[in-house]
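# Structure at a glance
Listed below, chain by chain, are the residues.
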Amino acid sequence: MSLLSIRDLTVRFGRFTALDGVSLDVNAGEIVGVVGESGSGKTMTALAAMGLLPEAARAKGDVLFDGRNVLALGEDQLCTLRGDDIGMVFQEPMTALNPVKTIGDQVAEGIIWHTGMSRAEAREKAMAMLERVGLPPSRFPLDRYPHELSGGQRQRVVIAIAAALNPRLLIADEPTTALDVVLQAQILDLLKSLVRERGAGLMLISHDLGVVASMADRIVILRQGRVVEAGPARQVLREMKEPYTRQLAEASTHRPNRTPRPQGKPLLDLAHVTRDYATPRTRLFGRRGTFRAVDDVSFSMCEREMVALVGRSGCGKSTLARMILALDRPTSGSIRFGGQDISALPDQALRQARREMQVVFQDPYGSFNPRRTVEWLVCEPLHLLDAHPSRDEARGLAASVMARVGLDATALDRYPHQFSGGQRQRIAIARALITKPKLIVADEPVSALDVSIRAQVLDLFAELNRDLGLACLFITHDLHVARAITDRVLVMSEGRIVEEGPTADVLDNPRSTAARELVAAAPDLAKELAKR
Amino acid sequence: MAVWLASRLAMTAATVLVASLVVFGVMEVLPGDPARLMLGMNATQDAVAALRTQMGLDLPLPVRYWTWITGFLTGDLGRSYTYGVPVAELVAERLAVSLPLALMALALSTLIALPVGLFAASRHGKTGDVAMMGLAQIGVAVPNFWFAIILVWLLVLLPFQAQAWVAQGGLWGALATVLSPVFAFFQWLKLPAGGFPGWEAGSVAALKALILPAIALALPQAAILSRVTRSALLEVLGEDYIRTARAKGLPRNLVIRRHALRNALIPVITILGLQFSFLIAGTIIIENVFYLPGLGRLVFQAITQRDLIVVQSVTMLLVMGVIVVNLLTDVLYAIADPRLRRAA
């Protein structure tokens, strides 16, 4: 009998059907990958297994854990199950821990609750567990608070909480989506070794077929609340019987069709750019320390060039991007854009530079004012023009950039919440295009998007480069994106650029440690498929 | 933490200095010459001038500021023009009424608001929540002096009237008979409808005199605070770490107590700190309604009688009180939230 057996599970919210007859099994000692895009019902499946469905949900079918129907259990019985027999790891490590409690207390809490151990014993056990997940108490004492840890370290704490009592089933819902590729590989390794050494089952939920391919014994593909395909990982990945599975695989390895263009005049030139931040005082009359976020960075870009800036989180990529966009000034060094040193110009003199370079951010949800129409949002950069267009002219311009990104002019009268993530990212690109820029700085522009949408947006960038001669600086930790769309790559580590060269060369034969680490950690579906 | 506290203390001292300059400056530009007021309209120019010299009013501005502020900081608040006694004495006497009143009101409003907010949040969208928040809506809308009048009527006047109704019989009589144990209890309490016997009359009598004003002050505050508590809790209950706690197997009420409450306290502390200044403003009205010899009434009378030295000193004291409460609020924040303990 399987450890977890979900049979014909249907979950409805009013008239909306989140899950429609889902069946899947997780056996002891088995890793089952559940793959799907947003809205496919992955998270609902996980919550149903924990008996944590939202109150408004109406569930039908069976969720059998060890023969007991989770959907029929009372709250008290569920409480003895959760945390003891089933542990759960969540997507967002930055918010999954209580900010006002120490990590020791948070790990020990579940132990005390389920076993009735004394606080001292539980802390002892918590210490051992934290050590096991890679947070040795000598360096990470129990009285640390979550804000004193990085994202990867926090995710280790969440795993320690979930695994503290040797649960028989571990559910990990996108456990690495918010982490950079190197951390992702470490966390996946940790999860794998934890369940292997204890013979537990693992339900690994991800939108990324590449992540699941390297881990899972069996794969379940979900789409719009239904199981599209399920089977042994090897078989699913090799045969790809279902067109949707093939579509997912193709989308995640998608490369836009593009030929490198002859490069134009120099556009952007950074010379010895350094940015220091003051760190808080630790003693009353002590000196403030400095933290060097960007350290002596020099590089240049030409018109029409597609360049990737890759590196792990915290390596200084975003700080560098802010300085290029003149949103922050370097402590020393110069940034020349179109021949002008923009790091030395006063704010009022930056209009031309701001017009000629625009930005697209990662989060298509957070980067729009929700109370404005798309027309207002897309037209906003027009104030940078010297001649202010009339309302009609502005609308005409907006309609033309919207057409350029593949959206209808009728979209202009709607509000951001009425669009999907991919459409919003198109709107963000339209907003960037309206001043006819020469350079777009894109900070992780596709990492919040589903793989199929990601492929479309990458195609769009390739098209803009081809048709408009737009240069793009892609900031990303995702090497697929770098490989798919850029000609040249800069590898950044601890504030410095440690390697630079044609994208294919660097990614195939990385020389620096940082680049090698990134390449080794990146989940690679193509390689995984070849291996099988 | 020490660095943080030192920087907060330095900022507090600077705020007090700026506030003292503003209070002094405002009193300077107000019309009305205290010497003329004290001597009356018929006094000669010479007499007024002599008094001005005696009071030090003809000294240059910086000197007078310096004399006032050094006196203030050493406890010499000057001498009241109208009462003819040291202001410090007057204030100390009045504080003995106002401070317990404000503290009682603050404690009452917190004691009412936290459980009500907790109750409403844990029954979000259900009848209990709707009923509590409906009551809170009324509490926010109704001014405290109206509550004061209703309280006096309900607890002091109505029990007497009820006896008459019982004697009359009829529908009202029947109702009054049913409720008579309640009214008897109210009568047994013997709460005064106003006035203050002084602490020398015994602490029970003094506290009895303060309880109705404190309730009247506390109710509107409690209404606001319970709404804040409820919405803060509801917001926290939607956080990811609440799901983490539930996934540990903790039952819902334990999750609220251990994980939600302390995180929800931060906005509650903010409002509590802000309410202190409203409480002080509220005491001026409530002390007048209940005829209590408190600081509020002192200021009110001093303003109408242009006893500027009293107004100036009491204002400064109240300003300092508010600043100190703000400092306490900041310290409470840091205790509640470890992320705020870093140096500013």
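Along chain A, the regular secondary structure elements total 19 helices and 20 strands. Scaling as 2.2 N^0.38, a compact globule of 532 residues should have a C-alpha radius of gyration of about 24 Å, and chain A matches this with 25 Å. Projected onto the principal axes, the alpha-carbon positions of chain A cover approximately 70 × 60 × 45 Å. Residues counted as buried form 55% of the 532 residues belonging to chain A. Put simply, of all contacts in chain A between residues at least 6 apart along the chain, 69% involve residues at least 24 apart. Surface summary for chain A: the accessible area is close to 22600 Å², and the carbon and sulfur share equals 48%.

Chain A puts 31 residues into the contact, and the matching count from chain B is 25 residues. Across the interface of chain A and chain B, roughly 2600 Å² is buried in total on both sides, 60% from carbon and sulfur atoms. Looking at the side of chain A facing chain B, the largest losses of area belong to Val100, Glu109 and His147 of chain A, adding up to 22% of the total buried there. There are 3 salt bridges connecting chain A and chain B. Here Glu75 of chain A makes a salt bridge to Arg246 of chain B, at a shortest N to O gap of 3.1 Å. Applying the counting rule to chain A against chain B returns 14 residue pairs in polar contact (both at pLDDT 80 or more).

Residue and element names in this part refer to chain A. A positive phi angle, close to 50°, is found at Asp8, a residue other than glycine. Among the structural elements, Asp8 can be located in strand β1 (residues 4-13). Look at Asp8 and you get exposed, because its relative accessible area is 52%. A positive phi angle, near 45°, is found at Gln224, a position not held by glycine. Residue Gln224 is classed as exposed on the basis of its relative accessible area, which comes to 60%.

A few words on the sheet that holds strand β14 (residues 332-337) of chain A. Residue and element names in this part refer to chain A. Here we have 4 strands laid out as an open sheet, ordered β12-β11-β14-β15, and antiparallel in their pairing. The strands lining the two open edges of the sheet, one partner per strand, are β12 (290-302) and β15 (340-341). Pairing geometry for β14 and β15, over 2 bridges, is antiparallel. Its bridge partner being in β15, Phe337 is matched across the sheet by Gln340. Across the sheet, helix α10 (residues 317-324) is in contact with β11 (266-278), β12 and β14; its angle to β11 comes to roughly 120°.

Residues and elements named next belong to chain B. Segmenting chain B into domains produces domain 1 (19-76) and domain 2 (91-343). Using only C-alpha atoms to locate each centre, domain 1 and domain 2 end up separated by 38 Å. Summing the contributions of domain 1 and of domain 2, the shared interface buries around 1100 Å²; its carbon and sulfur component is 80%. The interface formed by domain 1 and domain 2 holds 0 salt bridges in total. Remark: the boundary between domain 1 and domain 2 carries 0 residue pairs in polar contact (both at pLDDT 80 or more). Among the elements that take part in the side of domain 1 that touches domain 2, helix α1 (residues 2-29) stands out by supplying 5 residues, more than any other. Residues belonging to the side of domain 1 that touches domain 2 are distributed by class as follows: 9 nonpolar, 2 polar and no charged.

To continue, consider empty space enclosed by the protein. All names here are of chain A. For the structure shown, the criterion picks out 4 cavities of 30 Å³ or more. Its volume calculated, the largest cavity comes out at about 100 Å³. When its volume is computed, the second largest cavity comes out at roughly 70 Å³. Elements with a contribution of two residues or more to the lining of the second largest cavity: α9 (243-252), α15 (451-468) and α16 (479-485). The dominant element in the lining of the second largest cavity, judged by the number of residues it contributes, is α15, at 4 residues.

Attention now goes to the sheet that holds strand β6 (residues 86-89) of chain A. Residue and element names in this part refer to chain A. The sheet built from 6 strands is open, its strands ordered β6-β7-β8-β3-β9-β10 with mixed pairing. Every interior strand has two partners, whereas the edge strands, β6 and β10 (226-232), have only one. For this sheet the average axis-to-axis angle between neighbouring strands, irrespective of direction, equals 15°. Examined bridge by bridge, strand β3 (residues 31-35) and strand β9 (residues 218-223) share 4 bridges and lie parallel to one another. Within the sheet, the bridge partner assigned to Gly33 lies in β9 and is Ile219.

With that out of the way, let us pick up the side chain of His259 of chain B. Turning to its location among the elements, His259 of chain B is positioned in helix α12 (residues 252-289). A polar side-chain atom of His259 of chain B sits 3.0 Å from a polar atom in the side chain of Asn98 of chain A. Not counting chain neighbours up to four residues away, the residues in contact with His259 of chain B comprise Asn98, Lys101 and Glu109 of chain A together with Val236, Tyr241, Ile242, Ala245, Lys248, Leu250 and Leu254 of chain B.

On to the domain arrangement of chain A, then. All names here are of chain A. When cut into domains, chain A gives domain 1 (1-85 + 169-251), domain 2 (97-166) and domain 3 (266-344 + 356-530). For domain 1 versus domain 3, the distance between C-alpha centres works out to 34 Å. Facing 21 residues of domain 1, the contacting portion of domain 3 comprises 16 residues. Summed over both partners, the interface of domain 1 with domain 3 comes to about 1700 Å²; 64% of that surface belongs to carbon and sulfur atoms. For domain 1, the biggest contributors to the area lost against domain 3 are Asp180, Val181 and Val182; these three give 33% of the whole. Counting across the domain 1 and domain 3 interface gives 1 salt bridge. With a closest N to O distance of 3.3 Å, Arg312 and Asp180 form a salt bridge. Along the contact surface separating domain 1 from domain 3 lie 4 residue pairs in polar contact (both at pLDDT 80 or more). Elements with a contribution of two residues or more to the side of domain 1 that touches domain 3: α6 (181-198), α7 (209-213) and α9. In terms of residue count, α6 provides more of the side of domain 1 that touches domain 3 than any other element does, 5 residues in total.

Residue and element names in this part refer to chain A. Relative to β10, β9 runs antiparallel, the two sharing 6 bridges. Of the residues in β10, the one forming a bridge with Ile221 is Glu229. What sits between β9 and β10 in their antiparallel hairpin is a turn of 2 residues, with Gln224 showing a positive phi close to 45°.

Among the structural elements, Arg64 of chain B can be located in helix α4 (residues 61-73). Excluding anything up to four places from it in sequence, Arg64 of chain B contacts Phe24, Glu28, Gly56, Leu57 and Leu59 of chain B.

The next point concerns the nonpolar core. Counting 96 residues, the largest nonpolar core has Leu4, Leu130, Val157, Ile171, Leu202 and Ile219 of chain A as its most contacted members. In terms of nonpolar packing, the next biggest core, distinct from the first, is built from 41 residues, Val401, Ala411, Leu433 and Phe474 of chain A among them.

The rules behind the values
- Residues numbered from 1 in each chain as written.
- Chains lettered and ligands numbered in written order.
- Predicted model: local features only at pLDDT ≥ 70, side-chain atom pairs only at ≥ 80, totals over all residues.
- Heavy atoms only, no water.
- Helix = DSSP H or I, 4+ residues; strand = E, 2+ residues; numbered from the N terminus.
- Rg over C-alpha atoms; globule rule 2.2 N^0.38 Å.
- Buried < 20%, exposed > 50% of the residue type's maximum accessible area, 1.4 Å probe, protein only.
- Contact = heavy atoms within 4.5 Å.
- Areas by Shrake-Rupley, 256 points an atom, 1.4 Å probe, with all protein chains shown as cover.
- Buried area = accessible area lost by both parts, 1.4 Å probe.
- Salt bridge = Lys/Arg side-chain N within 4 Å of Asp/Glu carboxyl O.
- Polar contact = N/O pair within 3.5 Å; in protein donor to acceptor, adjacent residues only side chain to side chain.
- Pairing = 2+ DSSP bridges.
- Axes fitted to C-alpha atoms, helices over the stretch in contact; angles between N-to-C directions.
- Domains from an automatic or database assignment.
- Nonpolar A, V, L, I, M, F, W, Y, C, P; charged D, E, K, R; others polar.
- 1 Å grid on protein atoms, 1.4 Å probe; cavity = no way out; pocket = protein on both sides within 12 Å on 5 of 7 lines; lining within 4 Å.
- Points joined across faces, edges and corners; volume = space filled by probe spheres on them.
- Core = buried A, V, L, I, M, F, W, Y, C linked by side-chain atoms within 4.5 Å.

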